[in-house]
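For reference, the chains in residue letters:
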Amino acid sequence: MRESTSQADFWRRALVVLALLASAGVSGSDWESLNKDGIHDPRSPAIQQLQQPADALSKLTPDTAGNMVRWVQSLEKGEINPRANIRPDTKIRVYDSDVLLNLKGGMPIVRFPHRQHTLWLDCVNCHDQLFKAEAGATKFSMLKILEGEQCGVCHGAVSFPLTECFRCHSVARPGQAPRPSLPIAIPSGAVPPK
Amino acid sequence: MSTWRLGLAFAVLLLGVMPPVSAEYADVVLNRRAEKEGVRPVIFPHWFHRIRFRCKVCHAELGFKMRVGSNDFKMSDIVDGRFCGACHNGDIAWAPDRCDLCHSGKRGLPTGIYGGHETGGPGRW
């Protein structure tokens, strides 16, 4: 009896230690410090001078993935105001139009918002290398996206990662069991593909 | 008791699956020449720069290609005001004489994007 209790204790302790280890590796905090992030050389003199991610990112609108910052909202709220050009003669182009993609599949429809993208990016970052500037002209594939093409050039590398399915698949189809908190209505101004 | 063992097995599995690096999402390591030429690899932090500049500044105005390793960054060009040197010129940002701030990486790291982009392809699901 006593014997089996202490054995159970052993396993329990081992589990707790391992779980702690595991969680420290996954998310000791939301942002790892530079000397422990696995890419900075802890002996580099820069470690003392570079900014720690947590110092800057913990002050911005939180997210659950990527940099753990909801960058679109952070920009819109004015928490950050990144420069759009460094040469005075560069034309800053912003375009406000939503495009609905994937009107036939089983997942909710994908709404691609131009405004949120062109606040950060220029047209040449997408047109016409990645996408044609015509609704319905590009053949999309979720598999290509997962392989780092199309939307996956940025999403999964620098912008919010592909694990956030419903941030892209955000418009429930008519008759589709609506995800709570998702509007069924198709937004005004949206351009359905031909 | 068997539940604990199951839990233990799961924890071990988690440990095994975990990536060895926990760099900040979208950190870039540049090491095409640096280490061969006797300096530490370069670390470019996207999170730090995007607080100050929109993507279009680097990827449209300055024309950086969006594919890690595809831009031929050379130290001589940087000192001449190209690439990182378009800003790291003592005017927009500190000058290129502060070697350690850019060359801060661990030796042996290949050029690439780090920070656990969770879905680099179906194989990583």
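Throughout, a residue's number is its position along its own chain's written sequence, starting from 1. To read the labels, note that chains go from A and ligands from 1, taken in the order they are written. Since the coordinates come from a predicted model, pLDDT governs what is reported: local features require at least 70, and pairs of side-chain atoms require 80 or more to be given and counted, while whole-chain, interface and lining totals use all residues. To obtain the side-chain values, all non-hydrogen atoms of the structure were used and water was disregarded.

On to the overall build of chain B. In this text, helices come from DSSP runs of H or I with a minimum length of four residues, and strands from runs of E with a minimum of two, each type numbered from the N-terminal end. Scanning chain B from N- to C-terminus turns up 5 helices and 3 strands. Looking at chain B residue by residue over its 125 residues, the buried ones come to 40%. Whether two residues touch is decided by their heavy atoms; if any such pair falls within 4.5 Å, the residues are in contact. Across chain B, the fraction of contacts at a sequence separation of at least 24, relative to all contacts at a separation of at least 6, is 57%. Every accessible area reported is derived by Shrake-Rupley at a probe size of 1.4 Å, with residue values counting cover from the shown protein chains alone. On chain B, roughly 6900 Å² of surface is accessible, and the fraction owed to carbon and sulfur atoms is 61%. Only protein chains enter the area calculation, which uses a 1.4 Å probe; residues under 20% of their type maximum are buried, those over 50% are exposed, and those in between are partly exposed.

A separate point is the overall build of chain A. Per the secondary structure count, chain A includes 6 helices and 3 strands. Per-residue burial over chain A gives 39% buried out of 194 residues. Counting every atom, chain A has about 11500 Å² of accessible surface; 57% of that belongs to carbon and sulfur.

Another point: the nonpolar core. With 14 residues, the main nonpolar core has Leu57, Leu60, Trp71, Ile80 and Trp120 of chain A together with Ile51 of chain B as its most contacted residues. Mapped by element, the contributors of at least two residues to this core are α2 (53-57), α3 (71-76) and α4 (114-120) of chain A together with α2 (46-52) of chain B. As used in this record, nonpolar core signifies buried Ala, Val, Leu, Ile, Met, Phe, Trp, Tyr and Cys residues forming a set joined through side-chain atoms within 4.5 Å. Membership of the second largest hydrophobic core comes to 8 residues, among which are Ile86 of chain A together with Cys58, Leu62 and Cys87 of chain B.

Topologically, His169 of chain A is positioned in the loop between α6 (165-168) and β3 (190-191). Only 2.8 Å separates the side chain of His169 of chain A from the backbone oxygen of Pro108 of chain A, close enough to count as a polar contact. Polar contact is defined as a pair of N or O atoms within 3.5 Å, subject to the rule that within protein one atom must be able to donate a hydrogen and the other to accept it, and that residues adjacent in sequence are counted only when both atoms are side-chain atoms.

The pLDDT value tells you how sure the predictor is about a given residue, anywhere from 0 up to 100. Scored by pLDDT, chain B comes out at a mean of 84, with 76% of its residues at no less than 70. If you check the scores for this complex, the pTM reads 0.89 and the ipTM reads 0.80.

All right, on to the packing of aromatic side chains then. Aromatic pairing here means that ring centres of Phe, Tyr or Trp (its six-membered ring) are within 6.5 Å. Orientation follows from the plane angle: under 30 degrees is stacked, over 60 is edge-to-face, and everything else is tilted. According to the stated counting rule, one finds 6 aromatic pairs over all chains in the structure shown. When the centroid spacing of 5.7 Å and the interplanar angle of 80 degrees are considered together, the rings of Trp47 of chain B and Phe48 of chain B count as edge-to-face. Judged by relative accessible area, Trp47 of chain B falls into the buried class, the value being 3%. Here the aromatic residues Phe64, Phe73 and Phe83 of chain B are joined through ring pairs into a cluster of three or more. Charge-over-ring placement is defined geometrically: NZ (Lys) or CZ (Arg) within 6 Å of the ring centre, and within 35 degrees of the ring normal. If you follow Arg167 of chain A out to its NZ or CZ, it ends over the ring of Phe160 of chain A, 5.0 Å from the centre.

Here we come to the state of the cysteines. For the purposes of this analysis, a disulfide is any pair of cysteine sulfur atoms at a distance within 2.5 Å. All told, the structure shown has 0 disulfides over all chains when counted by the stated rule. No disulfide involves Cys84 of chain B; its nearest neighbouring cysteine sulfur is the one of Cys102 of chain B, lying 6.0 Å away.

Attention shifts here to the pattern of salt bridges. In the sections that follow, a salt bridge refers to a side-chain nitrogen of Lys or Arg positioned within 4 Å of a carboxyl oxygen of Asp or Glu. Throughout the structure, instances matching the rule amount to 13 salt bridges over all chains. Asp122 of chain A serves as the salt-bridge partner of Arg93 of chain A, at 2.8 Å between the closest nitrogen and oxygen. Taken together, the residues Arg93 of chain A in the loop between α3 and β1 (98-101) and Asp122 of chain A in the loop between α4 and α5 (142-146) connect sequence positions 29 residues apart. Owing to a relative accessible area of 10%, Asp122 of chain A belongs among the buried residues under this scheme. Between Arg33 of chain B and Asp72 of chain B there is a salt bridge; the shortest N-O distance is 2.5 Å. Placement of the pair is Arg33 of chain B in the loop between β1 (27-30) and β2 (42-45) and Asp72 of chain B in the loop between α3 (55-61) and α4 (75-79), with a sequence separation of 39 residues.

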